[in-house]
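Spelled out, the chains give:
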2 protein chains.
Amino acid sequence: MPEISGTTRVYALLGDPITQVRAPGLLNPVLARRGTDAVLIPMRVAPADFERVVHGLGQVANLHGLLVTVPHKAAALALADRATDRARLAGSANALRREPDGTWSADTFDGDGFVRGLIAVGQHPRDRRVCVVGAGGAGSAVAVALLDAGVAELRLADTNPDRLETLRERLSVAYPGRVAAAVRPQLADADLAVNATPLGLHPGDPLPFAVTGLPAGSLVADIIMSPAETALLREARRRGLPTHPGEPMLAHQIDSYLTFFGL
Amino acid sequence: MPEISGTTRVYALLGDPITQVRAPGLLNPVLARRGTDAVLIPMRVAPADFERVVHGLGQVANLHGLLVTVPHKAAALALADRATDRARLAGSANALRREPDGTWSADTFDGDGFVRGLIAVGQHPRDRRVCVVGAGGAGSAVAVALLDAGVAELRLADTNPDRLETLRERLSVAYPGRVAAAVRPQLADADLAVNATPLGLHPGDPLPFAVTGLPAGSLVADIIMSPAETALLREARRRGLPTHPGEPMLAHQIDSYLTFFGL
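Residues numbered from 1 in each chain as written. Chains lettered and ligands numbered in written order. Predicted model: local features only at pLDDT ≥ 70, side-chain atom pairs only at ≥ 80, totals over all residues. Heavy atoms only, no water.

As recorded by an unreviewed UniProt entry, chain A carries the name Shikimate dehydrogenase and is attributed to Polymorphospora rubra. Under Pathway (unreviewed entry), UniProt gives the following word-for-word description of chain A: "Metabolic intermediate biosynthesis; chorismate biosynthesis; chorismate from D-erythrose 4-phosphate and phosphoenolpyruvate: step 4/7." (UniProt positions renumbered as here; feature names shortened; annotations may be inferred.)

So this is what it looks like as structure tokens:
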């Protein structure tokens, strides 16, 4: 762990719930090994308080940036003063950097981390038919990165039709002819199905989709990091489907965080 | 250092400047040794932003308390929902605990830490004539603790006559006949002279008082922790006077912090 002193740069990870987050446990040892005088701490912040907390933290001179997770990724983009194209396209941000003039710059690394995590285990998504379940902050970022990585068809699913249609429209403009959307996941011929909903964080959550709808050999991925094997992945494994857990998505973002924050 | 994860309780130390603070370097290793899942991080906050930042941090569910240092100690007491008698008497607080209902409870440990630090090196202040220079947050807390410890006479000095008189009046009611005050420190027959101003934090600061005004054998104490030997202490040492540095005041507060925060 980093030595913390009065000169330490502070970064905070905002989410709700927060106990499941893994970024502090991954990033802080990297900072310590590099001898970087910075620390990442978790902060549980309710949605109604997010903007107020960020504005308060914006007045802390040695707080140089934020990571954000469920359910704040859309709100993080909304309050940023500028954002990358991929963050705007995703409609979500998972990192905010405070500039010297006090403004916030946003980017999202979830999608890039997810795709790099797949590639690292030999599962390049290029030319595949992919179903992304959950059109929230992480799901939209994962969808953008999968399209950038060359998937043949991206099928979005979300129980909220308005949110789903908003994302479908935005992505269809940028990636014409490759984006479909439906409230119920279209799994029958999918090569890859991704859970990007929060379902699985809590014991007793229903499964985000039924793995019985997938063809043999489909890869089932989850972006939830804790538990390491969600009920969805356990069910997929029991039925003989290959699985991909949530941790690689984060592990492949650590370098991007360091670059983004200038650490 | 503590392992930081999503379950870690966060405590923040607010001050301006912040780079000189020593509490994170002292407290975090204690937490790590005890296996306590908590961390103390520094936050530099300007006076104009203090209240806004505290209100923002008050919305962070896993932030359980604050330590405050120069220049926020009076403001910390002012925004607390309740405070100990000694904090009210001192007119300052250096610790705020967030209660489960979201309110803040205040206490000050500076004075108690300072006196315990003196006693630990065989310098009990009982029956001594003491001059405390600086009637701000730390100075007032040190004055209260010295009076509680039985000093014969407490002489307050401060360049701000209003602040000085306010503190003198308050202390005179609680400790009748033992408190004097003057803009210029009355050093000629003092047994102990304490710098409780911020002078000495920065290279080139003027001395808070002239050690040449003290009788032989007077103990010169500083509450500044960094540098470990301030210009005042160096000058006193050169003139053969015994000295007492700032760090013991903090070191003797660590146990109190742990108790106060229920760690």
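### Looking at the nonpolar core
Residues and elements named next belong to chain A. Core analysis: the largest hydrophobic core is formed by 53 residues, its most contacted members being Phe114, Val132, Leu146, Leu154, Leu156 and Leu171. It is helix H6 (residues 137–148) that provides the largest number of residues to this core, a total of 8 residues. Mapping this core onto the domain boundaries places at least three of its residues in each of domain 1 (9–108 + 250–260) and domain 2 (111–246). (Core = buried A, V, L, I, M, F, W, Y, C linked by side-chain atoms within 4.5 Å. Buried < 20%, exposed > 50% of the residue type's maximum accessible area, 1.4 Å probe, protein only. Helix = DSSP H or I, 4+ residues; strand = E, 2+ residues; numbered from the N terminus. Domains from an automatic or database assignment.)

### Focus: the relation of the copies chain A and chain B
In the superposition of chain A on chain B (RMSD 0.0 Å, axial shift 0.0 Å), the rotation amounts to 180°. Overall, the copies show the geometry of a two-fold rotation axis. The position closest to the rotation axis in chain A is occupied by the C-alpha of A:Gly56, lying 2.4 Å away. Residue by residue, 100% of the interface of chain A is reproduced at the interface of chain B, so both copies engage with the same surface. (Least-squares fit on C-alpha atoms with pLDDT ≥ 70 in both. Contact = heavy atoms within 4.5 Å.)

### A closer look at the interface of chain A and chain B
Taken together, the contacts link 32 residues of chain A with 32 residues of chain B. Buried surface at the junction of chain A and chain B, both sides included, amounts to about 2,600 Å², of which 65% is carbon and sulfur. Seen at the junction of chain A and chain B, the total is 6 residue pairs in polar contact (both at pLDDT 80 or more). Sorting the residues of the side of chain A that touches chain B by element identifies helix H1 (23–34), strand E2 (38–44) and helix H2 (50–57) of chain A as the ones contributing at least two each. If you tally residues by element for the side of chain A that touches chain B, the top one is E2(A), at 6 residues. Residues of the side of chain A that touches chain B, tallied by class, amount to 17 nonpolar, 11 polar and 4 charged. (Buried area = accessible area lost by both parts, 1.4 Å probe. Polar contact = N/O pair within 3.5 Å; in protein donor to acceptor, adjacent residues only side chain to side chain. Nonpolar A, V, L, I, M, F, W, Y, C, P; charged D, E, K, R; others polar.)

### Side note on the packing of H2(A) against helix H2 (residues 50–57) of chain B
Where H2(A) contacts H2(B), the axes come no closer than 8 Å and their chain directions differ by 140°. Between H2(A) and H2(B), the angle is such that the two are oblique. The two elements H2(A) and H2(B) cross, and the hand of that crossing is left-handed. The segment H2(A) lies against H2(B), with A:Arg52, A:Val53, A:His55, A:Gly56 and A:Leu57 engaging B:Arg52, B:Val53, B:His55, B:Gly56 and B:Leu57. Of the residues that constitute the contact of H2(A) with H2(B), the class distribution is 4 nonpolar, 4 polar and 2 charged. (Axes fitted to C-alpha atoms, helices over the stretch in contact; angles between N-to-C directions. Parallel < 35°, antiparallel > 145°, perpendicular 65-115°, else oblique. Left-handed = near helix turned anticlockwise from the far one by under 90°.)

### Digging into the UniProt feature "domain: Shikimate dehydrogenase substrate binding N-terminal" (unreviewed entry) in chain A
The UniProt record marks residues 13–95 of chain A with the feature "domain: Shikimate dehydrogenase substrate binding N-terminal" (unreviewed entry), using the residue numbering of this structure. In residues 13–95 of chain A, the share of helix is 40% and the share of strand is 23%. The end C-alpha atoms are 9 Å apart.

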